[in-house]
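Examination of the molecular architecture
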Amino acid sequence: MHASVLSPRARLPLTVIGGFLGAGKTTLLNRLLQQSRGRRHAVLVNDFGSINVDAALIAEKSGDAIALTNGCACCSIGGDLTAALIRVLEAPLPFDEIFIEASGVSDPWKIAQVALADSALGLNGVIVLVDASACLLHAADPLLADSLERQLRSADIIVVNKIDQVEAAERERVHQWLATFTNRTPCFEATHADVPIELISGGALSEIDDRDEPSGAHDHANGFSTWSGRPERVFPASELRAFLRDMPTGVLRLKGFIRTDEHGWAELQFSGRHGSLRRAITEPATGPAVVAIGLTDQLPRQLLEAVFGVAA
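Residues numbered from 1 in each chain as written. Predicted model: local features only at pLDDT ≥ 70, side-chain atom pairs only at ≥ 80, totals over all residues. Heavy atoms only, no water.

1. Looking at the overall build of the protein
The following threshold applies: Helix and strand definitions follow DSSP, with helices as H or I runs of at least four residues and strands as E runs of at least two, each counted in order from the N terminus. Only protein chains enter the accessibility calculation, which uses a 1.4 Å probe. A residue is then buried if its area is under 20% of the maximum for its type, exposed if over 50%, and partly exposed in between. Residue contacts are counted whenever heavy atoms from the two residues lie within 4.5 Å of one another. Reported accessibility uses the Shrake-Rupley method at a 1.4 Å probe radius. Residues are deemed covered only where the shown protein chains occlude them.
Helix and strand counts for the protein come out as 10 helices and 16 strands. A burial count over the protein gives 54% of its 312 residues as buried. Of the contacts formed within the protein by residues at least 6 apart in sequence, a portion of 71% connects residues at least 24 apart. With the model as given, the accessible surface of the protein reaches about 13,400 Å², and the carbon-plus-sulfur share is 51%.

2. A look at the side chain of Thr15
Along the chain, the position of Thr15 falls in strand 1 (residues 12-19). Classification of Thr15 by relative accessible area gives buried; the value is 0%. In contact with Thr15, other than residues within four places in its own chain, are Glu97, Ile98, Phe99, Ile100, Asn124, Gly125, Ile127 and Ile200.

3. Things to note about the sheet that holds strand 6 (residues 97-101)
To be explicit about the condition: Note: two strands are recorded as paired if DSSP finds a minimum of 2 bridges between them. Helix axes use the C-alpha atoms of the stretch in contact, all axes being lines fitted to C-alpha atoms, and the angles between their N-to-C directions lie in the range 0 to 180 degrees.
Reading across from one edge, 3-4-5-2-6-1-7-8-9 is the order of the 9 strands in this open sheet, with mixed pairing throughout. Single-partner strands in this sheet number two, and they are strand 3 (58-61) and strand 9 (187-189). Averaged over all pairs of adjacent strands, the angle between strand axes in this sheet comes to 20°, irrespective of strand direction. Relative to strand 7 (residues 121-131), strand 1 runs parallel, the two being bridged by 8 bridges. Note on strand 7: the bridge partner recorded for Leu14 is Leu123.

4. Side note on unusual backbone geometry
Of note, the phi angle at Lys162 is positive, near 60°, even though the residue is not glycine. For Ala193, which is not a glycine, the phi torsion comes out positive at approximately 55°.

5. A closer look at the environment of Ala289
For Ala289, the position within the fold is in strand 16 (residues 289-295). Overall, the relative accessible area of 11% leaves Ala289 in the buried class. Expressed as a C-alpha distance, the spacing of Ala289 and Arg230, which sit 59 residues apart in the sequence, is 4.4 Å.

6. Some details on the pattern of salt bridges
A side chain with one charge can pair with a side chain of the opposite charge if their charged atoms come near. Our working definition: Salt bridge, as applied in this entry: a Lys or Arg side-chain nitrogen positioned within 4 Å of an Asp or Glu carboxyl oxygen.
A complete count under the given rule lists 11 salt bridges for this structure. Between Glu97 and Arg39 there is a salt bridge; the shortest N-O distance is 3.8 Å. With Glu97 in strand 6 and Arg39 in the loop between helix 1 (25-34) and strand 2 (41-45), the pair connects residues that are 58 residues apart, well separated along the chain. For the residue pair Glu97 and Arg39, the accessibility class agrees, reading buried in each case. Across the salt bridge formed by Arg171 and Glu189, the nearest N and O atoms sit 2.4 Å from each other. Here Arg171, found in helix 6 (residues 168-179), pairs with Glu189, found in strand 9; they are 18 residues apart in sequence, far enough to count as distant.

7. Things to note about helix 5 (residues 145-153)
Helical geometry: 3.6 residues make up each α-helical turn, so side chains three or four residues apart lie on a common side. Where helix 5 is concerned, the buried positions are Ala145, Ser147, Leu148, Gln151 and Leu152. Taken together, the buried residues of helix 5 touch strand 1, helix 3 (108-116), strand 7, helix 4 (135-139), strand 8 (157-161) and helix 6.

8. Comments concerning the packing of aromatic side chains
Selection criterion: A pair of aromatic rings is counted whenever rings of Phe, Tyr or Trp (Trp by its six-membered ring) have centres within 6.5 Å, and the orientation is called stacked for planes under 30 degrees apart, edge-to-face for over 60 and tilted otherwise.
Scanning all chains against the criterion turns up 3 aromatic pairs. Ring centres of Phe243 and Phe308 lie 5.6 Å apart, and the angle between their planes is 85°; on these two criteria the pair is classed as edge-to-face. In this pair, Phe243 is assigned in helix 9 (residues 237-245) and Phe308 in helix 10 (residues 301-308), connecting sequence segments 65 residues apart. Phe308 carries the same exposure label as Phe243, and that label is buried. Each residue in the set Trp227, Phe235, Phe243 and Phe308 is aromatic and connected to the rest through ring pairs, giving one cluster.

9. What about the nonpolar core?
Our working rule: As used here, the term nonpolar core means buried Ala, Val, Leu, Ile, Met, Phe, Trp, Tyr and Cys residues forming a set that is joined through side-chain atoms within 4.5 Å.
Counting 42 residues, the largest nonpolar core has Leu14, Leu44, Ile98, Ile100 and Leu152 as the members making the most contacts within it. Excluding its chain neighbours within four sequence positions, the residues that come into contact with Leu152 are Val128, Val130, Ile158, Trp177, Leu178, Phe181 and Thr182. One finds Leu32, Leu57, Ile157 and Ile200 within the second-largest nonpolar core, a separate group that totals 30 residues.

Next up, the structure:
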């Protein structure tokens, strides 16, 4: 697709954010742009006029792009996703991560396949938002149900948003409906699309381990916690693939750089229900590291320590 423009540490993470009209995608993207934590995010959208960026953050605005003072940017796809990606990847200052907003009626998985087609990109996952107050009405409409269910089946993680707008009984019906066709896809609840950035950002997940703590219990006020470790041994690749296939349900996200008998240095990633293990572009400067995030009290710390050989 293009000449690679990458950090030497890893492929450029690409995340697709999907969901039906009004589910909260734009609210989530606003959070990403305004809370970059020092990372350069590129957000590709069909209509960036709906992105409500604080005027104080805007460094420059052109016909199809907004550059922010924090290094992030919002660009219009304009009907040609490949061209928009090339513009981002060939920017003079490279970005750390790419987020693509799927339109309200599109299939996020088809968009995600662009990451699988380019070795310079790494698919970080498909996040699909659901409007808890409207999804059952949409599901009952034969003109809408197919698009809605197709989006949800493509999700690695489902965010049940606007949970504050429904009563307990309706909330339970929403989860029962989701369970009928989402199989093991993890679902969690949110209001105003307020989710931990580590849950959707591959870069932020990696940086949890920057404090060099051998195994940490970093708790989040909104019910999430993380585990991290620095496994030094060389892993059998077959063992890691089996672990990814049978990932315990308490792990929502996992990312790591480790050595294997098949790849040398390898990049390990899991998001919701899909995992991958492939050769790293170069040896990571930080050495081996594995980071996981899950719901508080459900993250299987002892199992992670047993698999990756990290002492408690």
